[in-house]
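Remarks on the overall topology
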Amino acid sequence: MIEALNAMRTIDLPYTIHIHGVTEEMFDEMVDEDTKAELLDGVMIVHSPATLEHDRASGFLRGLMDFYVGTKRLGEVLGPDSLVHLASCRRFGPDGYFVRKSRVPGREQREFEGAPDLVMETLSPSNRDIDLEDKRPAYREAGVKEIWFLDTENHRVIIDRKHGKRYREQVATTGKVVSGVLDGFWIDAGWLWADPLPDKLECLHEILGIG
């Protein structure tokens, strides 16, 4: 467990704390199941608990993906509590990630090794720069086939898709957003910003074409 003390003032939510000079061994010793932390090239990034808006958007899309993948028996959707060991000294905790059936980790594994087939991250004021400027290129370098960023502040979805050795970016604010990794899966971008959020089962039926 990590304890942050600030004698000068109260630490406002949300926040991120950067601790430099951390090895993978040190990370294992410092982080437990109650700590939301990631490791990026020797820097441990400790996150505050997610805001309600962040949690709702992430949970909604992750839930839809999970229902769809389970129905189609495509593999497994994991996150946000497990870690992805992307590369040496790069251990991320995406808001959600998909791995195809042949790559589903065993129950004894503590974290997923390698690049997931699809990663989903939800942007918030405390993590926007980290996700877009640091984690995004790391995901690309690792070869993640599809990367979804939910931009709750600007009501848009940013998707990076791998084409050969390069990535193409799609930005959607309304209308249908189609996955290239989850065959047949799509969402209406407007679902993510509705208040209240639509019923996930009804959305799944629409995705599956069930009347």
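Sequence order as written defines residue numbering, which begins from 1 separately in each chain. In view of the model being predicted, local features appear only for residues whose pLDDT reaches at least 70, and side-chain atom pairs are presented and counted only at 80 or more, with totals across whole chains, interfaces and linings using the full set of residues. Where side-chain values are given, they derive from all heavy atoms of the structure, hydrogens and water being excluded.

**Looking at the packing of helix H2 (residues 52-72) against helix H5 (residues 200-208)**
Between H2 and H5, whose axes approach to 10 Å, the crossing angle comes to 50 degrees. In this view, H2 runs oblique relative to H5, as classed from their interaxial angle. With respect to the hand of their crossing, H2 and H5 are arranged in right-handed fashion. Of the residues in H5, those in contact with Gly 59, Phe 60, Gly 63, Leu 64, Phe 67, Tyr 68, Thr 71 and Lys 72 of H2 are Lys 200, Cys 203, Leu 204, Ile 207 and Leu 208. Nonpolar residues are Ala, Val, Leu, Ile, Met, Phe, Trp, Tyr, Cys and Pro. Charged residues are Asp, Glu, Lys and Arg, and all others, Gly as well, are polar. Among the residues making up the contact of H2 with H5, the classes are represented as eight nonpolar, three polar and two charged. To obtain an axis, a line is fitted to C-alpha atoms, over the contacting stretch when the element is a helix, and the angle between two such axes runs from 0 to 180 degrees between their N-to-C directions. Secondary structure elements follow DSSP: runs of H or I no shorter than four residues count as helices, runs of E no shorter than two count as strands, and numbering proceeds from the N terminus. Angular relationships are summarised with four words: roughly parallel below 35 degrees, roughly antiparallel beyond 145, roughly perpendicular across 65 to 115, and oblique for the angles in between. Less than a right angle of anticlockwise turn of the near helix away from the far helix marks a crossing as left-handed, whereas a clockwise turn marks it as right-handed. Here, two residues are considered to be in contact whenever any of their heavy atoms come within 4.5 Å of each other.

**Observations regarding the side chain of Asp 151**
Here Asp 151 is to be found in strand E10 (residues 146-151). Here a polar contact is recorded for every N or O atom pair within 3.5 Å, except that within protein the pair must consist of a potential hydrogen donor and a potential acceptor, and residues adjacent in sequence are included only if both atoms are side-chain atoms. Among the polar contacts made by the side chain of Asp 151, one reaches the side chain of Asn 154 at a distance of 2.9 Å. A polar atom in the side chain of Asp 151 sits 2.8 Å from the side chain of Arg 156. With residues up to four places along the chain from it excluded, the contact list for Asp 151 reads Leu 123, Arg 128, Arg 156 and Trp 193.

**Describing the pattern of salt bridges**
Any carboxyl oxygen of Asp or Glu within 4 Å of a side-chain nitrogen of Lys or Arg constitutes a salt bridge here. One pass over the full model with this rule turns up 16 salt bridges. With its nearest N and O atoms 3.4 Å apart, the salt bridge here joins Arg 90 to Glu 141. Here the residue Arg 90 occupies a position in strand E6 (residues 90-92), and Glu 141 occupies one in helix H3 (residues 128-142), the gap between them amounting to 51 residues. Burial status follows relative accessibility: with a 1.4 Å probe on protein chains alone, a residue under 20% of its type maximum counts as buried, one over 50% as exposed, and anything between as partly exposed. Note on Arg 90: relative accessible area 16%, which makes it buried. Notably, a salt bridge pairs Glu 121 with Lys 135, separated by 2.7 Å at the nearest N-O pair. Placement of the pair is Glu 121 in strand E9 (residues 118-123) and Lys 135 in helix H3, with a sequence separation of 14 residues. Here the two residues Glu 121 and Lys 135 agree in accessibility, since each one is buried. Salt bridges sharing partners connect three or more residues here, namely Glu 38, Glu 121, Asp 131 and Lys 135.

**Let's talk about the sheet that holds E9**
Strands sit in the order E4-E7-E9-E10-E11-E12 across an open sheet of six strands; the sheet is mixed. Lying at the two open borders of the sheet, with one neighbouring strand each, are strand E4 (75-78) and strand E12 (166-172). Each strand axis lies, on average, 15 degrees off the axis of its neighbour in the sheet, ignoring direction. One requirement defines pairing of two strands: DSSP has to find at least two bridges between them. By the bridge criterion, four bridges tie E4 to strand E7 (residues 96-100) in an arrangement that is antiparallel. Residue pairing in the sheet places Gly 75 in a bridge with Arg 100 of E7. The strands touched by H2 are E4, E7, E9 and E10; relative to E4, the strand with the most contacts, the crossing angle is about 170 degrees. In this fold H3 packs onto E9, E10, strand E11 (156-163) and E12, with an angle of close to 170 degrees to the strand it touches most, E9.

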